[in-house]
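Structure assessment
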Amino acid sequence: MQLIRTKTGVLHIWTSELVSTRKTLVFINSLGTDFRIWDGVVAALGDHFNIVLYDKAGHGLSTDQPRPAKIADYADDLNAILQHLKLTKVIICGISVGGLIAQSLYQKRPSTIEGLILSNTGMKIGTAETWGSRIAAIQEGGIASIADPILERWFSPAFREYRKDDYTLYSNMLVRTSEQGYLACCEAIRDADFTSGAANISVPVLCVGGELDGSTPPALVQDLAAHIPTARFELIKGVAHLPCIEQPETYAKLITTFVETI
């Protein structure tokens, strides 16, 4: 584990042993989660890649992101991590808001990125009205007051029914997220739109959707893939917004196959 200081605060990061002959995968979490959502995927990938995990600002052990926040602020933090680790060529895997951060970093540092895995995300997620309603609800009653509908979009009915202990733990992860950190990220997502830049992405891109995703439905991810000339779309059946938790082995296999094409 390492801590590094960026312009906005202290970030909590974890890396595997960085071996110069291996490709490097950098994972970016979704809203309301920390880097433990990748545990199953990292285990399934084995020791074939360098792995970088981190808690974005306001999540996990990282300090809060000052408000108002922009997606570019989170991309700047990630850029600082890459510079700190002296990484000049990486493959970014971003899920949900992590996919927005990945697109923002590509606009800033395209030469650093060998490939993009844009999972359960889009060029724009939600509307100003939906994010405004969520922000207002949290300011009134806290994250716990809206946790149930969020978790229903995160996980499939089968996961909620048959993996109840896991469901409880991820519920805890959500409601224990810093309220300021969560709201800052909501504001950043609300104002983000990467539609104009999608056609300029020239590295290989894998867009991953979840069949039952209620937050970023498959059609949204397919639309993202359609705007990127180098992208292909893969759908994971039977999962919702966080396939990295529900089907980590399937997710890891998609990543491995994709990286082999780069």
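For the structure, see preceding data.
Numbering of residues starts from 1 in each chain and follows the order in which that chain's sequence is written. Owing to the predicted nature of the model, reporting of local features is limited to residues with pLDDT of at least 70; listing and counting of side-chain atom pairs is limited to 80 or more, with chain, interface and lining totals taken over all residues. To obtain the side-chain values, all non-hydrogen atoms of the structure were included, while hydrogens and water were left out.

What follows covers the overall build of the protein chain. Runs of H or I in DSSP of at least four residues are treated as helices and runs of E of at least two as strands, each being numbered from the N terminus. Across its full length, the protein chain carries 12 helices and eight strands. Radius of gyration means the value over C-alpha atoms here, while the globule rule gives 2.2 Å times the residue count to the 0.38 power. For 262 residues, the compact-globule estimate of 2.2 N^0.38 gives 18 Å, and the C-alpha radius of gyration of the protein chain, at 17 Å, lies within 12% of that figure. Each of the three principal axes of the protein chain carries a C-alpha extent, and together these read 50 × 40 × 35 Å. Here the accessible surface of atoms and residues is derived via Shrake-Rupley with a 1.4 Å probe, and residues count as covered only by protein chains that are part of the display. Surface summary for the protein chain: the accessible area is close to 10,900 Å², and the carbon and sulfur share equals 51%. Positive charges come from Lys and Arg, negative ones from Asp and Glu, while His and the chain ends are left out of the count. For this purpose, a charge sits on NZ of Lys, CZ of Arg, CG of Asp or CD of Glu. Positive and negative side-chain charges of the protein chain, numbering 23 and 28 respectively, have mean locations separated by a distance of 5 Å.

The N-to-C vectors of helix α2 (residues 71–84) and helix α3 (residues 97–108) enclose an angle of 70°; their axes lie 8 Å apart at closest approach. The angle between the axes of α2 and α3 places the two elements in the roughly perpendicular class. The handedness of the crossing between α2 and α3 comes out as right-handed. On the side of α2, the interface is formed by I71, A72, Y74, A75, D76, L78, N79 and L82, while α3 contributes V97, L100, I101, S104, L105 and K108. Axis lines are fitted through C-alpha atoms, for helices just across the contact stretch, and the angle between N-to-C directions can take any value from 0 to 180 degrees. We call two directions roughly parallel when the angle between them is under 35 degrees, roughly antiparallel when it is over 145, roughly perpendicular when it lies between 65 and 115, and oblique otherwise. It is the rotation of the near helix from the far one that decides the hand of a crossing: anticlockwise by less than a right angle makes it left-handed, clockwise makes it right-handed. Here, residues are in contact when the closest pair of their heavy atoms is within 4.5 Å.

Bringing helix α4 (residues 128–141) into the picture now. For a helix, the expected span equals 1.5 Å multiplied by the number of residues minus one. In this model, α4 (14 residues) spans 20 Å end to end at C-alpha, consistent with the 20 Å of a helix rising 1.5 Å per residue. Turning to α4, its buried residues are W131, R134, I135 and I138. Down the axis of α4, the buried set is contained in an arc of 100°. They therefore lie on one face. Relative to its buried face, α4 has exposed residues pointing more than 90 degrees away, namely E129 and E140. The elements touched by buried residues of α4 are α5 (147–154) and α8 (179–191). Just downstream of α4, G142 is the residue with a positive phi angle, here 85°. Only protein chains enter the calculation, and the probe is 1.4 Å; a residue is then buried if its accessible area is under 20% of its type maximum, exposed if over 50%, and partly exposed in between. In this description, the arc belongs to the directions extending from the helix axis to the C-beta atoms.

Time to look at the sheet that holds strand β2 (residues 10–15). Spatially, the eight strands line up as an open sheet ordered β1-β2-β4-β3-β5-β6-β7-β8, and their pairing is mixed. What marks the edges here is a single partner per strand, and that holds for β1 (2–5) and β8 (231–236). Shown here is a sheet whose adjacent strand axes are inclined to one another by a mean of 20°, direction ignored. Strand pairing is defined by DSSP finding a minimum of two bridges between the two strands. The pairing of strand β3 (residues 24–28) with strand β5 (residues 90–95) spans four bridges and is parallel. Bridged to V26 within β5 is I92.

Before going further, it helps to examine helix α12 (residues 248–260). It helps to recall that an α-helix has 3.6 residues per turn; residues three or four apart then point in one direction. Over its 13 residues, α12 extends 18 Å from the first C-alpha to the last, a length consistent with the 18 Å expected when each residue adds 1.5 Å. Residues of α12 that are buried include every one of P248, Y251, A252, L254, I255, F258 and V259, and no others. One side of α12 carries all its buried residues, which in axial view fall inside an arc of 160°. Facing away from the buried surface of α12 by more than 90 degrees, the exposed residues are E249, K253 and E260.

Salt-bridge detection follows one rule: a side-chain nitrogen of Lys or Arg within 4 Å of a carboxyl oxygen of Asp or Glu. Within the structure shown, the criterion is met by eight salt bridges. Here D76 ties to K108 by a salt bridge, and the two come within 3.2 Å at their closest N and O atoms. Here the residue D76 occupies a position in helix α2, and K108 occupies one in helix α3, the gap between them amounting to 32 residues. One salt bridge in this structure joins D166 and R163, with 3.0 Å as the shortest N-O distance. Taking the relative accessible area as the measure of exposure, R163 reaches 31% and is therefore partly exposed. One connected set of salt bridges, linked through shared partners, spans K70, R190 and D191.

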